[in-house]
Protein chains: 2
Amino acid sequence: MPAIRTARERAREELTREIKQEARRQLAASGAQQLSLRAVARELGMASSALYRYFASRDELLTALIIDAYTELGDAADQALAATEDGTPRERWRAVWHAARDWARANPHEYGLVFGTPIPGYAAPQATIEPAGRLPLALLGIVREAPLRATPTAPAPPGDLPGQLTALAAAMAPGLPPLALARAVSAWVQLIGLIGVELHGHLVGGFEPADDLFAWTAEQTAEAIGL
Amino acid sequence: MPAIRTARERAREELTREIKQEARRQLAASGAQQLSLRAVARELGMASSALYRYFASRDELLTALIIDAYTELGDAADQALAATEDGTPRERWRAVWHAARDWARANPHEYGLVFGTPIPGYAAPQATIEPAGRLPLALLGIVREAPLRATPTAPAPPGDLPGQLTALAAAMAPGLPPLALARAVSAWVQLIGLIGVELHGHLVGGFEPADDLFAWTAEQTAEAIGL
(Lines give C-alpha, C1' and ligand atoms only; values in the text may rest on other atoms or scores of the structure.)
Protein backbone atom coordinates (compact mmCIF):
# COMPACT_ATOMS: atom_id res chain seq x y z
CA MET A 1 0.00 0.00 0.00
CA PRO A 2 1.61 3.26 -1.02
CA ALA A 3 2.12 5.83 1.69
CA ILE A 4 -0.22 8.60 0.71
CA ARG A 5 0.57 11.86 2.39
CA THR A 6 -2.48 13.83 3.32
CA ALA A 7 -2.65 17.59 2.95
CA ARG A 8 -2.46 17.78 6.74
CA GLU A 9 0.77 15.75 6.81
CA ARG A 10 2.29 17.92 4.10
CA ALA A 11 1.38 21.07 6.01
CA ARG A 12 2.91 19.64 9.15
CA GLU A 13 6.17 18.83 7.36
CA GLU A 14 6.28 22.27 5.80
CA LEU A 15 5.77 24.00 9.14
CA THR A 16 8.30 21.74 10.88
CA ARG A 17 10.82 22.79 8.25
CA GLU A 18 10.01 26.47 8.76
CA ILE A 19 10.37 26.17 12.53
CA LYS A 20 13.78 24.53 12.20
CA GLN A 21 14.85 27.13 9.66
CA GLU A 22 13.95 29.97 12.00
CA ALA A 23 15.67 28.15 14.87
CA ARG A 24 18.86 27.87 12.78
CA ARG A 25 18.64 31.57 12.05
CA GLN A 26 18.47 32.30 15.78
CA LEU A 27 21.30 29.84 16.43
CA ALA A 28 23.52 31.83 14.08
CA ALA A 29 22.44 35.20 15.43
CA SER A 30 22.60 34.62 19.14
CA GLY A 31 23.81 31.09 19.91
CA ALA A 32 22.29 27.82 21.01
CA GLN A 33 21.91 28.85 24.65
CA GLN A 34 19.57 31.65 23.71
CA LEU A 35 17.30 29.55 21.53
CA SER A 36 13.74 30.03 22.71
CA LEU A 37 10.55 28.42 21.47
CA ARG A 38 8.69 31.60 22.34
CA ALA A 39 10.98 33.69 20.11
CA VAL A 40 10.68 31.19 17.26
CA ALA A 41 6.90 31.25 17.52
CA ARG A 42 6.89 35.05 17.56
CA GLU A 43 9.04 35.27 14.42
CA LEU A 44 6.78 32.83 12.60
CA GLY A 45 3.64 34.62 13.77
CA MET A 46 2.45 31.49 15.57
CA ALA A 47 0.97 31.11 19.01
CA SER A 48 3.45 29.44 21.38
CA SER A 49 0.80 26.84 22.11
CA ALA A 50 0.68 25.92 18.42
CA LEU A 51 4.46 25.60 18.24
CA TYR A 52 4.45 23.24 21.23
CA ARG A 53 2.48 20.76 19.12
CA TYR A 54 5.58 20.50 16.90
CA PHE A 55 8.33 20.67 19.50
CA ALA A 56 7.35 20.07 23.11
CA SER A 57 10.40 21.85 24.50
CA ARG A 58 13.52 23.77 23.58
CA ASP A 59 15.49 20.57 24.08
CA GLU A 60 13.33 18.72 21.56
CA LEU A 61 13.97 21.46 19.02
CA LEU A 62 17.71 21.39 19.79
CA THR A 63 17.74 17.63 19.32
CA ALA A 64 16.08 18.04 15.91
CA LEU A 65 18.70 20.60 14.88
CA ILE A 66 21.52 18.34 16.11
CA ILE A 67 20.17 15.36 14.20
CA ASP A 68 19.83 17.53 11.08
CA ALA A 69 23.41 18.77 11.45
CA TYR A 70 24.88 15.27 11.81
CA THR A 71 22.69 14.10 8.94
CA GLU A 72 23.84 16.87 6.61
CA LEU A 73 27.47 16.22 7.56
CA GLY A 74 26.95 12.49 7.02
CA ASP A 75 25.26 13.15 3.67
CA ALA A 76 28.20 15.34 2.61
CA ALA A 77 30.61 12.51 3.51
CA ASP A 78 28.52 9.92 1.67
CA GLN A 79 28.27 12.13 -1.41
CA ALA A 80 32.06 12.47 -1.40
CA LEU A 81 32.33 8.69 -1.25
CA ALA A 82 29.84 8.26 -4.08
CA ALA A 83 31.69 10.79 -6.23
CA THR A 84 34.98 8.90 -5.77
CA GLU A 85 33.63 5.38 -6.03
CA ASP A 86 36.29 4.44 -8.58
CA GLY A 87 39.07 6.39 -6.85
CA THR A 88 41.93 5.11 -4.73
CA PRO A 89 41.40 4.86 -0.96
CA ARG A 90 43.65 7.90 -0.60
CA GLU A 91 41.48 9.91 -3.01
CA ARG A 92 38.33 8.85 -1.19
CA TRP A 93 39.85 9.73 2.19
CA ARG A 94 40.83 13.16 0.89
CA ALA A 95 37.34 13.68 -0.55
CA VAL A 96 35.59 12.92 2.74
CA TRP A 97 37.97 15.21 4.66
CA HIS A 98 37.32 18.08 2.31
CA ALA A 99 33.57 17.44 2.29
CA ALA A 100 33.51 17.62 6.09
CA ARG A 101 35.50 20.84 6.15
CA ASP A 102 33.41 22.40 3.38
CA TRP A 103 30.18 21.57 5.17
CA ALA A 104 31.53 22.95 8.47
CA ARG A 105 32.68 26.19 6.88
CA ALA A 106 29.33 26.62 5.19
CA ASN A 107 27.48 25.77 8.42
CA PRO A 108 29.71 26.96 11.28
CA HIS A 109 26.86 27.33 13.78
CA GLU A 110 25.55 23.86 13.09
CA TYR A 111 29.09 22.50 13.37
CA GLY A 112 29.46 24.32 16.69
CA LEU A 113 26.13 22.90 17.82
CA VAL A 114 27.38 19.33 17.49
CA PHE A 115 31.13 19.64 18.12
CA GLY A 116 31.38 22.87 20.11
CA THR A 117 30.77 23.83 23.70
CA PRO A 118 27.97 21.80 25.30
CA ILE A 119 24.77 23.70 25.99
CA PRO A 120 24.21 24.08 29.74
CA GLY A 121 21.27 21.99 30.85
CA TYR A 122 20.96 20.05 27.59
CA ALA A 123 21.84 16.36 27.29
CA ALA A 124 21.76 14.82 23.82
CA PRO A 125 19.39 11.82 23.77
CA GLN A 126 19.97 8.34 22.30
CA ALA A 127 18.43 9.41 18.97
CA THR A 128 21.51 11.52 18.14
CA ILE A 129 23.94 8.59 18.37
CA GLU A 130 23.25 6.97 15.01
CA PRO A 131 23.48 10.19 12.95
CA ALA A 132 26.62 11.16 14.93
CA GLY A 133 28.26 7.94 13.77
CA ARG A 134 27.91 8.62 10.05
CA LEU A 135 31.10 10.64 9.48
CA PRO A 136 33.29 8.25 11.52
CA LEU A 137 31.68 5.32 9.69
CA ALA A 138 32.39 6.89 6.29
CA LEU A 139 36.06 7.24 7.25
CA LEU A 140 36.21 3.76 8.75
CA GLY A 141 34.62 2.29 5.63
CA ILE A 142 37.52 3.54 3.53
CA VAL A 143 40.07 2.18 5.99
CA ARG A 144 38.34 -1.21 6.20
CA GLU A 145 38.15 -1.72 2.45
CA ALA A 146 41.66 -0.51 1.64
CA PRO A 147 44.64 -2.82 1.48
CA LEU A 148 46.61 -1.11 4.26
CA ARG A 149 50.33 -0.69 3.73
CA ALA A 150 52.70 -1.40 6.59
CA THR A 151 53.00 1.73 8.69
CA PRO A 152 55.75 2.95 10.96
CA THR A 153 55.65 1.34 14.36
CA ALA A 154 53.20 3.04 16.65
CA PRO A 155 53.47 2.84 20.42
CA ALA A 156 51.57 -0.16 21.78
CA PRO A 157 48.13 0.77 23.13
CA PRO A 158 48.40 0.82 26.93
CA GLY A 159 46.03 -0.27 29.71
CA ASP A 160 42.36 -0.54 28.77
CA LEU A 161 42.87 0.73 25.24
CA PRO A 162 43.30 -2.66 23.50
CA GLY A 163 40.01 -3.86 25.01
CA GLN A 164 38.19 -0.65 24.09
CA LEU A 165 39.55 -0.85 20.54
CA THR A 166 38.53 -4.49 20.15
CA ALA A 167 35.00 -3.75 21.34
CA LEU A 168 34.72 -0.70 19.09
CA ALA A 169 36.09 -2.59 16.08
CA ALA A 170 33.51 -5.32 16.63
CA ALA A 171 30.73 -2.72 16.73
CA MET A 172 31.85 -0.30 14.00
CA ALA A 173 34.51 -1.87 11.82
CA PRO A 174 34.52 -5.67 11.97
CA GLY A 175 37.82 -7.09 10.84
CA LEU A 176 39.83 -3.92 11.32
CA PRO A 177 42.92 -4.57 13.47
CA PRO A 178 42.85 -2.60 16.75
CA LEU A 179 45.95 -0.55 15.92
CA ALA A 180 44.53 0.50 12.54
CA LEU A 181 41.32 1.49 14.32
CA ALA A 182 43.33 3.51 16.86
CA ARG A 183 45.00 5.38 14.01
CA ALA A 184 41.66 5.96 12.30
CA VAL A 185 40.17 7.34 15.53
CA SER A 186 43.23 9.54 15.87
CA ALA A 187 42.69 10.83 12.34
CA TRP A 188 39.03 11.56 13.08
CA VAL A 189 40.09 13.53 16.19
CA GLN A 190 42.59 15.38 14.00
CA LEU A 191 39.85 16.23 11.49
CA ILE A 192 37.43 17.47 14.16
CA GLY A 193 40.23 19.32 15.95
CA LEU A 194 41.53 21.01 12.82
CA ILE A 195 38.10 22.14 11.64
CA GLY A 196 37.46 23.42 15.17
CA VAL A 197 40.65 25.45 15.51
CA GLU A 198 40.13 26.88 12.03
CA LEU A 199 36.47 27.84 12.58
CA HIS A 200 37.20 29.22 16.03
CA GLY A 201 39.96 31.51 14.85
CA HIS A 202 42.98 29.72 16.32
CA LEU A 203 44.84 29.55 13.00
CA VAL A 204 44.48 33.25 12.22
CA GLY A 205 47.90 34.82 11.86
CA GLY A 206 49.64 31.50 11.25
CA PHE A 207 47.73 29.52 8.66
CA GLU A 208 45.51 31.84 6.75
CA PRO A 209 44.12 30.42 4.57
CA ALA A 210 44.35 27.00 6.18
CA ASP A 211 43.66 25.14 2.92
CA ASP A 212 47.16 23.76 2.53
CA LEU A 213 47.52 22.84 6.21
CA PHE A 214 44.24 20.98 5.87
CA ALA A 215 45.29 19.22 2.66
CA TRP A 216 48.62 18.26 4.22
CA THR A 217 46.93 16.92 7.38
CA ALA A 218 44.59 14.79 5.28
CA GLU A 219 47.64 13.25 3.51
CA GLN A 220 49.57 12.87 6.74
CA THR A 221 46.76 10.98 8.48
CA ALA A 222 46.21 8.77 5.41
CA GLU A 223 49.94 8.03 5.42
CA ALA A 224 49.90 7.19 9.14
CA ILE A 225 47.01 4.76 8.66
CA GLY A 226 48.73 3.13 5.68
CA LEU A 227 46.12 4.14 3.09
CA MET B 1 61.10 52.52 44.36
CA PRO B 2 59.00 49.62 45.59
CA ALA B 3 55.45 49.44 44.32
CA ILE B 4 53.37 50.17 47.36
CA ARG B 5 49.81 49.08 46.99
CA THR B 6 47.33 51.38 48.61
CA ALA B 7 44.28 50.13 50.45
CA ARG B 8 42.22 51.37 47.53
CA GLU B 9 44.25 49.33 45.05
CA ARG B 10 43.94 46.24 47.19
CA ALA B 11 40.18 46.70 47.46
CA ARG B 12 39.98 47.09 43.69
CA GLU B 13 41.94 43.90 43.09
CA GLU B 14 39.81 42.02 45.56
CA LEU B 15 36.58 43.16 43.96
CA THR B 16 37.88 42.47 40.45
CA ARG B 17 38.60 38.92 41.60
CA GLU B 18 35.12 38.55 43.06
CA ILE B 19 33.48 39.83 39.87
CA LYS B 20 35.41 37.34 37.76
CA GLN B 21 34.62 34.54 40.17
CA GLU B 22 30.89 35.27 39.95
CA ALA B 23 31.17 35.54 36.15
CA ARG B 24 32.82 32.09 36.03
CA ARG B 25 30.00 30.70 38.15
CA GLN B 26 27.46 32.09 35.66
CA LEU B 27 29.54 30.78 32.76
CA ALA B 28 29.29 27.28 34.21
CA ALA B 29 25.61 27.58 35.06
CA SER B 30 24.22 29.09 31.89
CA GLY B 31 26.97 29.57 29.31
CA ALA B 32 29.04 32.43 27.96
CA GLN B 33 26.29 33.82 25.75
CA GLN B 34 24.10 34.48 28.78
CA LEU B 35 26.76 36.29 30.77
CA SER B 36 25.36 39.62 31.88
CA LEU B 37 27.03 42.43 33.82
CA ARG B 38 23.67 43.24 35.34
CA ALA B 39 23.27 39.71 36.70
CA VAL B 40 26.83 39.70 38.04
CA ALA B 41 26.22 43.01 39.81
CA ARG B 42 22.96 41.72 41.26
CA GLU B 43 24.61 38.57 42.65
CA LEU B 44 27.37 40.64 44.25
CA GLY B 45 24.89 43.15 45.66
CA MET B 46 26.53 45.96 43.65
CA ALA B 47 24.94 48.71 41.62
CA SER B 48 25.43 48.08 37.87
CA SER B 49 26.98 51.54 37.65
CA ALA B 50 29.64 50.50 40.18
CA LEU B 51 30.42 47.31 38.27
CA TYR B 52 30.92 49.29 35.05
CA ARG B 53 33.90 50.99 36.70
CA TYR B 54 35.59 47.57 36.74
CA PHE B 55 34.42 46.19 33.41
CA ALA B 56 33.00 48.64 30.92
CA SER B 57 31.09 45.98 28.99
CA ARG B 58 30.24 42.30 28.86
CA ASP B 59 32.94 41.92 26.22
CA GLU B 60 35.58 43.38 28.53
CA LEU B 61 34.59 40.90 31.22
CA LEU B 62 34.66 38.05 28.69
CA THR B 63 38.13 39.12 27.57
CA ALA B 64 39.34 39.08 31.18
CA LEU B 65 37.95 35.55 31.64
CA ILE B 66 39.56 34.40 28.38
CA ILE B 67 42.93 35.82 29.37
CA ASP B 68 42.63 34.16 32.79
CA ALA B 69 41.77 30.81 31.14
CA TYR B 70 44.73 30.91 28.76
CA THR B 71 46.97 32.04 31.62
CA GLU B 72 45.89 29.20 33.90
CA LEU B 73 46.37 26.70 31.06
CA GLY B 74 49.78 28.21 30.28
CA ASP B 75 50.74 28.10 33.97
CA ALA B 76 49.72 24.43 34.12
CA ALA B 77 51.93 23.70 31.10
CA ASP B 78 54.86 25.64 32.55
CA GLN B 79 54.51 23.88 35.90
CA ALA B 80 54.63 20.55 34.11
CA LEU B 81 57.82 21.67 32.36
CA ALA B 82 59.35 22.84 35.63
CA ALA B 83 58.49 19.54 37.31
CA THR B 84 60.21 17.55 34.55
CA GLU B 85 63.20 19.78 34.05
CA ASP B 86 65.61 16.84 34.26
CA GLY B 87 63.36 14.50 32.29
CA THR B 88 63.67 13.31 28.71
CA PRO B 89 61.91 15.34 26.01
CA ARG B 90 59.36 12.53 25.77
CA GLU B 91 58.65 12.74 29.50
CA ARG B 92 58.28 16.51 29.30
CA TRP B 93 55.96 16.24 26.30
CA ARG B 94 53.82 13.73 28.13
CA ALA B 95 53.75 15.96 31.25
CA VAL B 96 52.53 19.01 29.30
CA TRP B 97 49.86 16.97 27.51
CA HIS B 98 48.53 15.59 30.78
CA ALA B 99 48.69 19.01 32.46
CA ALA B 100 46.58 20.49 29.65
CA ARG B 101 44.02 17.71 29.85
CA ASP B 102 43.87 17.86 33.65
CA TRP B 103 43.32 21.60 33.60
CA ALA B 104 40.61 21.28 30.93
CA ARG B 105 38.78 18.55 32.83
CA ALA B 106 38.91 20.61 36.01
CA ASN B 107 37.78 23.75 34.15
CA PRO B 108 35.55 22.57 31.28
CA HIS B 109 33.64 25.85 30.97
CA GLU B 110 36.82 27.90 30.80
CA TYR B 111 38.22 25.46 28.25
CA GLY B 112 35.03 25.82 26.22
CA LEU B 113 35.29 29.58 26.49
CA VAL B 114 38.65 29.61 24.72
CA PHE B 115 38.47 26.56 22.45
CA GLY B 116 34.73 26.02 22.04
CA THR B 117 32.01 27.63 20.00
CA PRO B 118 32.62 31.33 19.40
CA ILE B 119 30.29 33.67 21.26
CA PRO B 120 27.98 35.49 18.82
CA GLY B 121 28.90 39.17 18.66
CA TYR B 122 32.19 38.80 20.54
CA ALA B 123 35.59 39.19 18.88
CA ALA B 124 38.67 38.45 20.97
CA PRO B 125 41.01 41.46 21.03
CA GLN B 126 44.79 41.58 20.51
CA ALA B 127 45.38 41.23 24.26
CA THR B 128 44.34 37.55 24.15
CA ILE B 129 46.99 36.58 21.59
CA GLU B 130 50.02 36.40 23.87
CA PRO B 131 48.34 34.29 26.60
CA ALA B 132 46.85 32.06 23.87
CA GLY B 133 50.36 31.30 22.67
CA ARG B 134 51.64 29.90 25.93
CA LEU B 135 50.54 26.26 25.55
CA PRO B 136 51.78 26.04 21.93
CA LEU B 137 55.06 27.67 23.00
CA ALA B 138 55.52 25.21 25.85
CA LEU B 139 55.13 22.33 23.39
CA LEU B 140 57.34 23.99 20.78
CA GLY B 141 60.03 24.62 23.40
CA ILE B 142 60.33 20.89 24.03
CA VAL B 143 60.53 20.14 20.32
CA ARG B 144 63.12 22.86 19.69
CA GLU B 145 65.45 21.72 22.46
CA ALA B 146 65.20 18.00 21.77
CA PRO B 147 67.59 16.17 19.46
CA LEU B 148 64.90 15.01 17.01
CA ARG B 149 65.22 11.47 15.68
CA ALA B 150 64.63 10.83 12.00
CA THR B 151 60.90 10.35 11.47
CA PRO B 152 59.01 8.47 8.80
CA THR B 153 58.60 10.42 5.62
CA ALA B 154 55.72 12.85 5.80
CA PRO B 155 54.00 14.17 2.71
CA ALA B 156 55.69 17.35 1.45
CA PRO B 157 53.82 20.50 2.54
CA PRO B 158 51.87 21.74 -0.48
CA GLY B 159 51.13 25.23 -1.82
CA ASP B 160 51.44 28.09 0.65
CA LEU B 161 52.23 25.83 3.57
CA PRO B 162 56.05 25.94 3.35
CA GLY B 163 55.95 29.75 3.42
CA GLN B 164 53.48 29.84 6.31
CA LEU B 165 55.62 27.36 8.25
CA THR B 166 58.81 29.32 7.63
CA ALA B 167 57.18 32.55 8.83
CA LEU B 168 55.70 30.85 11.88
CA ALA B 169 59.01 29.15 12.74
CA ALA B 170 60.78 32.51 12.56
CA ALA B 171 58.20 34.02 14.94
CA MET B 172 57.65 31.17 17.39
CA ALA B 173 60.39 28.59 17.10
CA PRO B 174 63.56 29.93 15.47
CA GLY B 175 65.72 27.16 14.10
CA LEU B 176 62.97 24.54 13.96
CA PRO B 177 62.76 22.98 10.48
CA PRO B 178 59.39 23.64 8.80
CA LEU B 179 58.41 19.98 8.64
CA ALA B 180 59.09 19.50 12.36
CA LEU B 181 56.98 22.59 13.02
CA ALA B 182 54.19 21.19 10.85
CA ARG B 183 54.21 18.00 12.90
CA ALA B 184 54.24 19.99 16.15
CA VAL B 185 51.26 22.06 14.98
CA SER B 186 49.54 18.83 14.03
CA ALA B 187 50.18 17.46 17.50
CA TRP B 188 48.77 20.61 19.09
CA VAL B 189 45.62 20.25 16.96
CA GLN B 190 45.44 16.63 18.08
CA LEU B 191 45.71 17.69 21.74
CA ILE B 192 43.01 20.37 21.42
CA GLY B 193 40.82 18.07 19.35
CA LEU B 194 41.12 15.14 21.74
CA ILE B 195 40.39 17.20 24.83
CA GLY B 196 37.42 18.70 22.97
CA VAL B 197 35.86 15.42 21.86
CA GLU B 198 36.37 14.00 25.35
CA LEU B 199 34.87 17.01 27.18
CA HIS B 200 32.00 17.26 24.71
CA GLY B 201 30.96 13.66 25.10
CA HIS B 202 32.04 12.28 21.73
CA LEU B 203 34.09 9.45 23.26
CA VAL B 204 31.29 8.18 25.51
CA GLY B 205 30.49 4.58 24.64
CA GLY B 206 33.83 3.99 22.94
CA PHE B 207 36.65 5.29 25.10
CA GLU B 208 35.38 5.62 28.61
CA PRO B 209 37.55 6.45 30.42
CA ALA B 210 39.70 8.07 27.73
CA ASP B 211 42.88 8.00 29.85
CA ASP B 212 44.62 5.33 27.82
CA LEU B 213 43.58 6.79 24.46
CA PHE B 214 44.98 10.09 25.66
CA ALA B 215 48.24 8.55 26.89
CA TRP B 216 48.63 6.65 23.61
CA THR B 217 47.97 9.78 21.54
CA ALA B 218 50.62 11.68 23.50
CA GLU B 219 53.15 8.92 22.69
CA GLN B 220 52.03 8.66 19.08
CA THR B 221 52.46 12.39 18.46
CA ALA B 222 55.85 12.43 20.21
CA GLU B 223 56.86 9.49 18.00
CA ALA B 224 55.71 11.27 14.84
CA ILE B 225 57.70 14.38 15.74
CA GLY B 226 60.79 12.32 16.51
CA LEU B 227 60.97 13.17 20.21
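Everything numeric here is computed off the predicted structure, so don't read it as measured data.

In this section: the overall build of chain A. A tally of helices and strands in chain A yields 11 helices and 0 strands. Reading the secondary structure of chain A in the N-to-C direction produces α-α-α-α-α-α-α-α-α-α-α. With respect to the three principal axes, the spread of C-alpha positions in chain A is 60 × 55 × 40 Å. In chain A, buried positions account for 51% of the 227 residues. Within chain A, contacts between residues separated by at least 24 positions form 74% of all contacts whose residues are at least 6 apart in sequence. Here chain A displays about 10,500 Å² of accessible surface, and carbon together with sulfur accounts for 54% of that area. Distance from the positive charge centre (21 side chains) to the negative charge centre (26 side chains) of chain A: 5 Å.

All told, the structure shown has 8 aromatic pairs over all chains when counted by the stated rule. Note on Trp97 of chain A and Phe214 of chain A: the rings are 5.5 Å apart at their centroids and 55 degrees apart in plane angle, and the pair reads as tilted. Highlighted residues: Trp97 of chain A in helix α5 (residues 89-106) and Phe214 of chain A in helix α11 (residues 211-225), separated in sequence by 117 residues. Classification of Trp97 of chain A as buried rests on a relative accessible area of 0%. What links up through ring pairs into an aromatic cluster is the set Tyr70, Tyr111 and Phe115 of chain A. Taking NZ or CZ as reference, Arg12 of chain A lies 4.5 Å from the ring centre of Tyr54 of chain A, over its face. Note that Arg101 of chain B overlies the ring of Phe214 of chain B, its terminal NZ or CZ placed 5.1 Å from the centroid.

The next point concerns the UniProt feature "DNA-binding region" (unreviewed entry) in chain A. In the UniProt entry, the feature "DNA-binding region" (unreviewed entry) is given for residues 36-55 of chain A. In residues 36-55 of chain A, helix accounts for 60% and strand for 0%; the two terminal C-alpha atoms are 11 Å from one another.

What follows covers the interface of chain A and chain B. The interface is formed by 56 residues belonging to chain A together with 56 residues belonging to chain B. At the boundary of chain A with chain B, total buried surface from both sides reaches about 4,300 Å², with 63% on carbon and sulfur atoms. Linking chain A with chain B are 0 salt bridges. At the boundary of chain A and chain B, one finds 22 residue pairs in polar contact (both at pLDDT 80 or more). Only α1 (7-30), α6 (108-115), α9 (161-172), α10 (178-199) and α11 of chain A provide two or more residues apiece to the side of chain A that touches chain B. A total of 13 residues in the side of chain A that touches chain B trace back to one element, the largest contributor, which is α10 of chain A.

Below, the discussion takes up empty space enclosed by the protein. Where empty space is left becomes clear once a probe the size of a water molecule has been rolled over the atoms. According to the stated counting rule, one finds 2 cavities of 30 Å³ or more in the structure shown. The computed volume of the largest cavity comes to approximately 180 Å³. As for the largest cavity, its lining consists of 18 residues, of which Phe115, Ile192 and Gly196 of chain A together with Phe115 and Gly196 of chain B are closest to the centre. When residues of the lining of the largest cavity are traced back to their parent elements, those giving at least two are α6 and α10 of chain A together with α6 (108-115) and α10 (178-199) of chain B. Taken together, the residues that form the lining of the largest cavity break down as 8 nonpolar, 10 polar and no charged.

Residues and elements named next belong to chain A. Running from N to C, helix α4 (residues 58-83) and α5 point in directions that differ by 145 degrees, and their axes come no closer than 8 Å. For the pair α4 and α5, the crossing hand works out as right-handed. Counted together, Ala69, Glu72, Leu73, Ala76, Ala77, Ala80 and Leu81 of α4 and Arg92, Ala95, Val96, Ala99, Ala100 and Trp103 of α5 form the full contact between these two elements. Considering only residue class, the contact of α4 with α5 consists of 11 nonpolar, no polar and 2 charged.

Another aspect to go through is the UniProt feature "domain: HTH tetR-type" (unreviewed entry) in chain A. According to UniProt, the positions carrying the feature "domain: HTH tetR-type" (unreviewed entry) are residues 13-73 of chain A. Structurally, residues 13-73 of chain A comprises 75% helix and 0% strand, and the distance from its first C-alpha atom to its last is 21 Å.

Next up on the list: the relation of the copies chain A and chain B. Each of the two copies of the chain can be brought onto the other by a rotation about an axis and a shift along it. Overlay of chain A on chain B (RMSD 0.0 Å): rotation 180 degrees, translation along the axis 0.0 Å. Read as a symmetry element, the transformation amounts to a two-fold axis. Identified as the residue of chain A closest to the rotation axis by C-alpha distance is Gly193 of chain A, at 1.8 Å. By residue overlap, the copies meet face to face through one surface: 100% of the interface positions of chain A are interface positions in chain B.

With the rule as written, the count across this model stands at 30 salt bridges over all chains. When the shortest N-O distance is used, the salt bridge between Arg134 of chain B and Asp75 of chain B registers 2.8 Å. Taken as a pair, Arg134 of chain B in helix α8 (residues 134-145) and Asp75 of chain B in helix α4 (residues 58-83) lie far apart in primary sequence, 59 residues in all. A single salt-bridge network, built from bridges that share partners, covers Arg90, Arg94, Arg149, Glu219 and Glu223 of chain A.

Here the residue pair Glu208 of chain A and Pro209 of chain A is connected by a cis peptide bond, since its omega of 0 degrees sits within 30 degrees of zero. Here Pro209 of chain A lies in the loop between α10 and α11.

In this fold, Gln26 of chain A is placed in helix α1. Here the side chain of Gln26 of chain A touches Ala39 of chain A through a polar contact of 3.5 Å, landing on its backbone oxygen.

Thresholds, definitions, all that
- Residues numbered from 1 in each chain as written.
- Chains lettered and ligands numbered in written order.
- Predicted model: local features only at pLDDT ≥ 70, side-chain atom pairs only at ≥ 80, totals over all residues.
- Heavy atoms only, no water.
- Helix = DSSP H or I, 4+ residues; strand = E, 2+ residues; numbered from the N terminus.
- Buried < 20%, exposed > 50% of the residue type's maximum accessible area, 1.4 Å probe, protein only.
- Contact = heavy atoms within 4.5 Å.
- Areas by Shrake-Rupley, 256 points an atom, 1.4 Å probe, with all protein chains shown as cover.
- Lys, Arg positive; Asp, Glu negative; His and termini not counted.
- Charge placed at Lys NZ, Arg CZ, Asp CG, Glu CD.
- Phe/Tyr/Trp six-rings, centres within 6.5 Å; stacked < 30°, edge-to-face > 60°.
- Lys NZ or Arg CZ within 6 Å of the ring centre and 35° of its normal.
- UniProt positions renumbered as here; feature names shortened; annotations may be inferred.
- Buried area = accessible area lost by both parts, 1.4 Å probe.
- Salt bridge = Lys/Arg side-chain N within 4 Å of Asp/Glu carboxyl O.
- Polar contact = N/O pair within 3.5 Å; in protein donor to acceptor, adjacent residues only side chain to side chain.
- 1 Å grid on protein atoms, 1.4 Å probe; cavity = no way out; pocket = protein on both sides within 12 Å on 5 of 7 lines; lining within 4 Å.
- Points joined across faces, edges and corners; volume = space filled by probe spheres on them.
- Nonpolar A, V, L, I, M, F, W, Y, C, P; charged D, E, K, R; others polar.
- Axes fitted to C-alpha atoms, helices over the stretch in contact; angles between N-to-C directions.
- Left-handed = near helix turned anticlockwise from the far one by under 90°.
- Least-squares fit on C-alpha atoms with pLDDT ≥ 70 in both.

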